[in-house]
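What follows is each chain in one-letter form.
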Amino acid sequence: MASFGWKRKIGEKVSKATSQQFEAEAADDKDRGDDEDANWVLAAKRRKEVLLEDCVRKSKQLKDEGANLAENRRYREALVKWDEALQLTPEDATLYEMKSQVLMSLHEMFPAVHAAEMAVQRNPRSWDAWQTLGRAQLGLGEIALAIRSFQVSLHIFPMNPEVWKEDLSWARKLQEQQKATKTESVHALARGEELEQESIPDYDFESDEIVAVCAAIAEKEKALSAAKTMVIVSASGTVETVTEQDNRPATPDETLFIRAR
């Protein structure tokens, strides 16, 4: 019969020094791995920073090129440059504000208002953006909105004489003219309604002129009824005109088949 004994534990004959050396090497490998992970994260952050710096530098270059084109009235080319710059730095409020100015020069007011609104959203503290938005709104005829935008611009930069003397003053003048035009239109409409509501003048139907006209019409009708004519066509094709008298009506013979007055 076979005998069974206790199983020997794994590593029972491994020396303590060897075990400690193995644990130390494992710890070194772990630290080395942690260092490599940290270095990778730092390298990724650095590459991201370099990429952002490149985007900002390239965007500024495109912005300057667009500004030079706009100064030479090459507006379409300037818009292309600024759109490329916005792809690199989409949060640049200055690009949207410049774009709005050029769009106004091209008389494209709806896109100009949209670009100015984008500029204000990205930098609500920019008095330039609010001023440009007010001018674009004024181009659309939104006078009340334009006045509000100019007031916000002045709230940010109260000492700006251009907004005080030109933009806000002109907008308020247009608003006064608009109110005067509306008031005049209301008055004209009221006058028209008064004219429509005026009563029809009364006529004197018993006047001598009316009585004379009625008498003349009656005499004419009487003359027509006193003598009436008719056309009689017999079966043989003979056409005869007969005059009817009030006291002696004409009676056609039995051969007629068409009678016309």
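Only a predicted model underlies this, so the values are computations on that prediction, with no experimental measurement involved. (Residues numbered from 1 in each chain as written. Predicted model: local features only at pLDDT ≥ 70, side-chain atom pairs only at ≥ 80, totals over all residues. Heavy atoms only, no water.)

Undergrad: Give me unusual backbone geometry: which residues, what numbers.
TA: Most peptide bonds adopt trans geometry, and most residues besides glycine take a negative phi value. A positive phi is found at Arg73, a non-glycine position, where the angle reads about 65°. One can find Arg73 in the loop between helix 1 (16-71) and helix 2 (75-88). For Arg73, a relative accessible area of 66% puts it in the exposed group. The phi angle at His107 is positive, at roughly 60°, despite the residue not being glycine. Here His107 lies in the loop between helix 3 (93-105) and helix 4 (109-122). (Helix = DSSP H or I, 4+ residues; strand = E, 2+ residues; numbered from the N terminus. Buried < 20%, exposed > 50% of the residue type's maximum accessible area, 1.4 Å probe, protein only.)

Undergrad: Account for the packing of aromatic side chains, naming residues and giving values.
TA: Tallied over the entire structure, the rule returns one aromatic pair. When the ring of Trp127 is compared with that of Phe157, the centres are 5.2 Å apart and the planes differ by 55°; the resulting orientation is tilted. Placement of Trp127 in helix 5 (residues 127-139) and of Phe157 in the loop between helix 6 (143-156) and helix 7 (161-197) is noted, with a sequence separation of 30 residues between them. (Phe/Tyr/Trp six-rings, centres within 6.5 Å; stacked < 30°, edge-to-face > 60°.)

Undergrad: So what about the UniProt feature "repeat: TPR" (unreviewed entry) in the chain? Which residues, and what values?
TA: Mapped onto the present numbering, the UniProt feature "repeat: TPR" (unreviewed entry) falls on residues 59-92 and 127-160. Between the C-alpha atoms that bound residues 59-92 the distance is 9 Å, and the span itself is 79% helix and 0% strand. Note that residues 127-160 is 79% helix and 0% strand, and that its end C-alpha atoms are spaced 9 Å apart. (UniProt positions renumbered as here; feature names shortened; annotations may be inferred.)

Undergrad: With reference to specific residues and values, describe the nonpolar core.
TA: Counting 27 residues, the largest nonpolar core has Ala70, Trp82, Val102 and Leu133 as the members making the most contacts within it. Mapped onto this core, the elements with two or more residues apiece are helix 1, helix 2, helix 3, helix 4 and helix 5. A total of seven residues in this core trace back to one element, the largest contributor, which is helix 4. If sequence neighbours within four positions are ignored, Leu133 has contacts with Val113, Ala116, Glu117, Val120 and Ser149. (Core = buried A, V, L, I, M, F, W, Y, C linked by side-chain atoms within 4.5 Å. Contact = heavy atoms within 4.5 Å.)

Undergrad: Please provide a residue-by-residue account of the confidence of the model for the chain, values included.
TA: Mean pLDDT over the chain works out to 76, with 57% of the residues at or above the 70 mark. Low pLDDT (under 50) marks residues 1-12, which in the prediction has one contact with non-local residues, meaning those over four places away or in another chain. Taken together, the stretch residues 246-261 has pLDDT below 50 and engages in 25 contacts with residues farther than four places along the chain or on a different chain. (pLDDT = per-residue confidence, 0-100.)

Undergrad: Talk me through the side chain of Lys63; I want residue IDs and the actual numbers.
TA: Looking at where Lys63 falls in the secondary structure, it is placed in helix 1. Residue class for Lys63 comes out buried when judged on its relative accessible area of 18%.

Undergrad: So what's going on with the packing of helix 3 against helix 5? Residues and values would help.
TA: Taken N-terminus to C-terminus, the directions of helix 3 and helix 5 make an angle of 25°; their axes are 10 Å apart at the nearest point. Of the possible angle classes, the one that applies to helix 3 and helix 5 is roughly parallel. The crossing of helix 3 and helix 5 is left-handed. Here Glu97, Ser100, Gln101 and Met104 of helix 3 come into contact with helix 5, specifically with Asp128, Ala129, Thr132, Arg135 and Ala136. Classifying every residue of the contact of helix 3 with helix 5 by side-chain character gives three nonpolar, three polar and three charged. (Axes fitted to C-alpha atoms, helices over the stretch in contact; angles between N-to-C directions. Parallel < 35°, antiparallel > 145°, perpendicular 65-115°, else oblique. Left-handed = near helix turned anticlockwise from the far one by under 90°. Nonpolar A, V, L, I, M, F, W, Y, C, P; charged D, E, K, R; others polar.)

Undergrad: Break down the pattern of salt bridges for me, with residues and values.
TA: Side-chain pairing between opposite charges can occur once the charged atoms of the two side chains come close. Counted under the stated rule, the structure contains ten salt bridges. With a shortest N-O distance of 2.6 Å, Glu77 and Arg74 are connected by a salt bridge. Accessibility expressed as a relative area gives 39% for Glu77, which makes it partly exposed. On the accessibility criterion, Arg74 (39% relative accessible area) is partly exposed. Across the pair Arg76 and Glu108 runs a salt bridge whose closest N-O atoms are separated by 2.6 Å. With Arg76 in helix 2 and Glu108 in the loop between helix 3 and helix 4, this residue pair connects regions lying 32 residues apart in the sequence. When salt bridges with common partners are traced through the structure, they connect Arg135, Glu162 and Asp167 into a single cluster. (Salt bridge = Lys/Arg side-chain N within 4 Å of Asp/Glu carboxyl O.)

Undergrad: A description of the packing of helix 2 against helix 3 should follow, citing residues and the corresponding values.
TA: Between helix 2 and helix 3, whose axes approach to 10 Å, the crossing angle comes to 160°. Considering the angle they form, helix 2 stands roughly antiparallel to helix 3. The element helix 2 and its partner helix 3 pack so that their crossing is left-handed. The segment helix 2 lies against helix 3, with Tyr75, Leu79, Trp82, Asp83, Ala85 and Leu86 engaging Leu95, Tyr96, Met98, Lys99, Val102, Leu103 and Ser105. Here the residues of the contact of helix 2 with helix 3 sort into ten nonpolar, one polar and two charged.

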